[in-house]
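Here's the letter readout for the chains.
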Amino acid sequence: MLKRILVANRGEIAVRILRACREMRIETVAVYSEADRGALFTTLATRAVCIGPAPAKDSYLNMDAVLTVATETECDGLHPGFGFLSENPVFAAKVRECGIVFIGPPGEIIAQLGDKSAARRIMRDAGVPVVPGSDGLVATAAEARKIAEKLGYPVFIKATAGGGGRGMRRADSAAELDGAFSEASGEARAAFGDGGVYVEKLIENPRHIEFQTLADTFGDVIHLGERDCTLQRRNQKVVEESPSPSIDEDTRRAMGAAAVRAAKAAGYVNAGTVEFILDGDGNYYFIEMNTRLQVEHPVTEMVTGVDIVREQIHIASGLALRYTQEDIVTSGHAIECRVNAEDPENDFRPCPGRIDHLHLPGGFGVRVDTGLFPGVEISPYYDSMIAKVIVHGRTRNEAVLRMRRALEELLVTGVKTNHGLLYMLMFSTDFLRSRTDTGFIERNLGALLSPVEKEMSL
Ligand code: ADP
């Protein structure tokens, strides 16, 4: 088993990883930027080392700074969390060159799956349904137009290097295609240094369903069931739940088998997520595989009882999976709400500032993953997601009632948040009946940002 792990991240996910290490009696090293001096995660690690100024490029994205600390403190493992360097194949390879185990898949697999167009081909060849679209990259707008005509509009022009919703443009007609092509390509070139794009049919009003997989270095792969992440705003997840209320047992079984096939086809190792979209007729299509721990992993942990971070460390230590597929039995229902420091009345613009008063919910069936404490400064330099409220109940109904109660207890003042929006979602008839799709929040913002919302986000 690994003996000393460097956590190359910050905030709630660093806290989450450090907790798993502590339970496993593994020593830890936290690295932090000047903006995170005194942050909760720095106090939970065995040691903490400052690696530079607040801007991420000078600290959390500074590979040399992170690796110097990992080497000097004699770490034998490194957990990248999510975001920052977690999906950077060059970083994964450099970690390995330093003789340190990267807790995630090898760099080549990150690179292969990070190339979304190449990933589509691997999955298609493995018999995993992919969204109808181009066979590889498309060099010109004229070529894209030809493919779009065959597929039928609307289509997405997607950057093969895209991520976090960037490098994706919708085209509803041939007239919009040229613009969509150059915008998607240009945005991706600026953000990722790669302007390659492909065409995908736009699935109208889909649901987002993803499967958590675990793969060991011996080629064994299992899945831990699905997460339904349909409630999104601008392609960013807001509420996630497990199991999905919108698929039946047969579909669940077929999708789970497809996810395992996907991971095997990619030669995958460690924890990964196979993302699908589901259309109104119950057809599912692969969209991408994420090669890291996901923000929403706790809902899977709540229904399976499997500590995913612990399993990641176990696998990275070169040990065989401790569970077979038959060992994975889910129980009850879990929901996660992402609390973001953002201003719902100002187009959800990030809202940094100092946390004044804070009360975190607790009690039976409630888990809160956060680095918040009263007086902490929410930095403008990093992600605005500041806490995750997760509940578990025996049924979906019980989980919803528990989430309402948890959100009623939650108090965050000093910064504006989406707290009220989350609360309103828990009362939405469409959510309660799962009559939602990925555009639901956007279409219903007016109703969801009611006076209750305003009161709670004071
Ligand atoms: P990113 O890597 O930038 O997050 P994804 O390919 O995972 O991009 O897509 C993000 C979200 O965009 C999905 O969850 C889904 O809501 C939507 N989406 C992606 N592809 C399609 C598609 N072909 N049709 C409809 N919606 C899509």
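All values reported here derive from a predicted model rather than from experimental measurement.

Attention now moves to the packing of helix H1 (residues 11-23) against helix H11 (residues 308-316). H11 packs onto H1 with a crossing angle of 65° between their chain directions and a minimal axis gap of 9 Å. Seen along the crossing, H1 lies across H11 with a hand that is right-handed. Contacts from Arg16, Ile17, Ala20, Cys21 and Glu23 of H1 reach H11 at Ile308, Val309, Arg310 and Ile313. Tallied by class, the residues present in the contact of H1 with H11 amount to six nonpolar, no polar and three charged.

Taken together, the neighbourhood of the ligand is formed by 21 residues, with Lys158, Gly165, Ile203, His208 and Glu288 sitting nearest. The backbone of lysine 201 places a nitrogen or oxygen atom 2.9 Å from a nitrogen atom of the ligand. Contact between the ligand and glutamine 232: an oxygen atom at 3.0 Å from a side-chain N or O atom of the residue. In isolation the ligand has 560 Å² of accessible area, and contact with the protein removes 94% of it. Elements with a contribution of two residues or more to the shell around the ligand: strand S6 (155-163), strand S8 (197-201), strand S12 (270-278) and strand S13 (284-290). Each of domain 2 (132-201) and domain 3 (207-448) contributes no fewer than three residues to the shell around the ligand.

Moving on: the domain arrangement of the chain. According to the domain assignment, the chain contains domain 1 (4-103), domain 2 (132-201) and domain 3 (207-448). For domain 1 versus domain 3, the separation of C-alpha centres amounts to 23 Å. Counting residues at the interface gives 33 residues for domain 1, matched by 27 residues for domain 3. At the boundary of domain 1 with domain 3, total buried surface from both sides reaches about 2,200 Å², with 63% on carbon and sulfur atoms. Run the count over domain 1 and domain 3 and you get four salt bridges. Note that arginine 16 and aspartate 307 form a salt bridge whose closest N and O atoms lie 2.7 Å from each other.

Mapping isoleucine 386 onto the fold places it in strand S21 (residues 385-393). A sequence separation of 184 residues divides isoleucine 386 from leucine 202, and the C-alpha atoms of the two residues are 32 Å apart. With near-sequence residues (within four places) excluded, isoleucine 386 lies in contact with Val339, Asn340, Ala341, Thr370, Gly371, Leu372, Ile378 and Thr417.

Where burial is concerned, most of strand S11 (residues 236-242) is hidden: six out of the seven residues are buried. Pairing geometry for strand S10 (residues 221-233) and S11, over four bridges, is antiparallel. Bridge pairing in S11 links glutamine 232 to lysine 237. Between S10 and S11, which follow one another and run antiparallel, lie two residues, and arginine 234 among them has a positive phi close to 50°. Here S11 runs beside strand S14 (residues 333-340); their pairing, made up of four bridges, is antiparallel.

When the charged atoms of two side chains with opposite charge come close together, those side chains can pair. The tally for this structure, following the rule as stated, stands at 40 salt bridges. Of the charged contacts in the structure, one is a salt bridge between arginine 338 and glutamate 240, with a shortest N-O distance of 2.7 Å. Taken together, the residues span a long stretch of sequence, with arginine 338 in strand S14 and glutamate 240 in strand S11 at a distance of 98 residues. For the pair arginine 338 and glutamate 240, a shared accessibility class is recorded, and that class is buried.

Time to look at the pairing of S14. In terms of burial, S14 is largely enclosed, as eight of its eight residues are buried. Of the two faces of S14, the one lined by His333, Ile335, Cys337 and Val339 and the one lined by Ala334, Glu336, Arg338 and Asn340 are each fully buried.

With that out of the way, let us pick up the sheet that holds S14. A sheet is described by the order of its strands in space; here eight strands give the open sequence S13-S12-S9-S10-S11-S14-S21-S19, paired in antiparallel fashion. Only two strands of the sheet have a single neighbouring strand rather than two, namely S13 and strand S19 (366-370). Ignoring which end each strand starts from, the neighbouring axes of this sheet average 25° apart. As paired elements, strand S9 (residues 207-215) and S10 share six bridges and run antiparallel to each other. Its bridge partner lying in S10, isoleucine 209 is registered against aspartate 228. Contacts from helix H10 (residues 297-304) reach S9, S10, S11, S14, S19 and S21 within the one sheet, and its direction differs from that of S21 by about 20°.

Under the counting rule described, the total for this entry stands at eight aromatic pairs. With a centroid separation of 6.3 Å and an interplanar angle of 85°, the aromatic rings of phenylalanine 211 and phenylalanine 276 are classed as edge-to-face. Placement of the pair is phenylalanine 211 in strand S9 and phenylalanine 276 in strand S12, with a sequence separation of 65 residues. Of the two residues, phenylalanine 211 and phenylalanine 276, both sit in the buried class. With a centroid separation of 5.6 Å and an interplanar angle of 85°, the aromatic rings of phenylalanine 276 and tyrosine 284 are classed as edge-to-face.

Bringing the sheet that holds S8 into the picture now. Within a beta sheet, neighbouring strands are joined by backbone hydrogen bonds and run either parallel or antiparallel to one another. Across the sheet, which stays open at both edges, the three strands sit in the order S7-S6-S8 with antiparallel pairing between neighbours. Looking along the sheet, the strands with just one partner apiece sit at the ends: strand S7 (166-171) and S8. Going across the sheet, the axis of each strand differs from the next one's by a mean of 25°, ignoring polarity. Where S6 lies against S8, five bridges are found, and the strand directions are antiparallel.

Thresholds, definitions, all that
- Residues numbered from 1 in each chain as written.
- Predicted model: local features only at pLDDT ≥ 70, side-chain atom pairs only at ≥ 80, totals over all residues.
- Heavy atoms only, no water.
- Axes fitted to C-alpha atoms, helices over the stretch in contact; angles between N-to-C directions.
- Helix = DSSP H or I, 4+ residues; strand = E, 2+ residues; numbered from the N terminus.
- Left-handed = near helix turned anticlockwise from the far one by under 90°.
- Contact = heavy atoms within 4.5 Å.
- Nonpolar A, V, L, I, M, F, W, Y, C, P; charged D, E, K, R; others polar.
- Near = heavy atom within 4 Å.
- Polar contact = N/O pair within 3.5 Å; in protein donor to acceptor, adjacent residues only side chain to side chain.
- Areas by Shrake-Rupley, 256 points an atom, 1.4 Å probe, with all protein chains shown as cover.
- Domains from an automatic or database assignment.
- Buried area = accessible area lost by both parts, 1.4 Å probe.
- Salt bridge = Lys/Arg side-chain N within 4 Å of Asp/Glu carboxyl O.
- Buried < 20%, exposed > 50% of the residue type's maximum accessible area, 1.4 Å probe, protein only.
- Pairing = 2+ DSSP bridges.
- Phe/Tyr/Trp six-rings, centres within 6.5 Å; stacked < 30°, edge-to-face > 60°.

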